[in-house]
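# Coordinate analysis (summary)
The lines below spell out each chain.
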Amino acid sequence: MLKIDNLSVNYGGIKAVRDVSFEVPDGKIVTLIGANGAGKSTILRTITGLVRPASGTITYNGEEITKHPTYDIVKKGITLVPEGRRVFPDMTVLENLKIGAYLRRDNLNDDIEWVYSLFPRLKERHWQQAGTLSGGEQQMLAVGRALMSRPKLIMMDEPSLGLAPIIVKEIFNIIKEINKNGVTILLIEQNANMALHTADLAYVLETGQIALSGTGKELLANEKVKELYLGKK
């Protein structure tokens, strides 16, 4: 579905991403893990058109989208759940969800009900201002808002960041449920253990380059991954 070829991204004189290549197959959950500053978020921002690459290509369903504007990439079926949730705090839960469908001109009711079925707490709080929600509820709203554009590929940047362990487990269960509904997922996650247990394919990014790749199970068993990212020796 998504193919990244020799992607390089510079911030000033700093090479944030260096000749990165990887693939996201249709219908799979793929994760990128790595330390802070490894370039993971930069890759997602480049895919969505928010950052321009220095070189390389991004291909989606056979079409090169490297220089397409963000609104066109969303229209094609790619959406991003940004790090830090970024909900609109003074708007209600329902208003936030409707903003996720800003490019659509059809009836939203079925999709709103689907989001509420995934996140019953959002339905209970549909009238509530998003800024008054807990961190976990805001993360659910950020995911729900992204789903409102009916994406074929949803990218998530640190969905478990700052959340209690019980909420993290709930978020990952919902990620699996979204994937079962036919949505391909590209996931960036500091919680490498949860990410690798969830992902079909995984890549380890170190200083802007892919250092390791394999199935989630293979990387869980890798000694270097165990030591650096899972806290096991």
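A brief structural summary. Fair warning: this is a prediction, and the values are worked out from it, not measured in the lab.

## Section: the layout of surface pockets
Volume-wise, the largest pocket comes out at about 550 Å³. Lining the largest pocket we find 23 residues, and of these T79, L80, V81, P82 and R145 sit closest to its centre. Mapped onto the lining of the largest pocket, the elements with two or more residues apiece are helix 1 (40-47), helix 2 (70-76), strand 6 (78-81) and helix 6 (135-147). Ranked by residue count, the leading element in the lining of the largest pocket is strand 6, at 4 residues. When grouped by side-chain class, the residues that make up the lining of the largest pocket number 12 nonpolar, 6 polar and 5 charged.

## A short note on the side chain of T79
Position of T79 relative to the elements: it lies in strand 6. When its relative accessible area of 9% is taken as the criterion, T79 is described as buried. Beyond its immediate chain neighbours, meaning those up to four positions away, T79 contacts A146, S149, P151, L153, I154 and M155.

## With respect to the packing of aromatic side chains
Taken as a whole and assessed by the stated rule, the structure comprises 1 aromatic pair. Both rings, one in F22 and one in Y203, keep their centres 5.3 Å apart while their planes meet at 50°; by these two values the pair is tilted. Residue F22 is located in strand 2 (residues 14-24), and its partner Y203 is located in strand 9 (residues 201-206); the two are separated by 181 residues in the primary sequence.

About the criteria used
- Residues numbered from 1 in each chain as written.
- Predicted model: local features only at pLDDT ≥ 70, side-chain atom pairs only at ≥ 80, totals over all residues.
- Heavy atoms only, no water.
- 1 Å grid on protein atoms, 1.4 Å probe; cavity = no way out; pocket = protein on both sides within 12 Å on 5 of 7 lines; lining within 4 Å.
- Points joined across faces, edges and corners; volume = space filled by probe spheres on them.
- Helix = DSSP H or I, 4+ residues; strand = E, 2+ residues; numbered from the N terminus.
- Nonpolar A, V, L, I, M, F, W, Y, C, P; charged D, E, K, R; others polar.
- Buried < 20%, exposed > 50% of the residue type's maximum accessible area, 1.4 Å probe, protein only.
- Contact = heavy atoms within 4.5 Å.
- Phe/Tyr/Trp six-rings, centres within 6.5 Å; stacked < 30°, edge-to-face > 60°.

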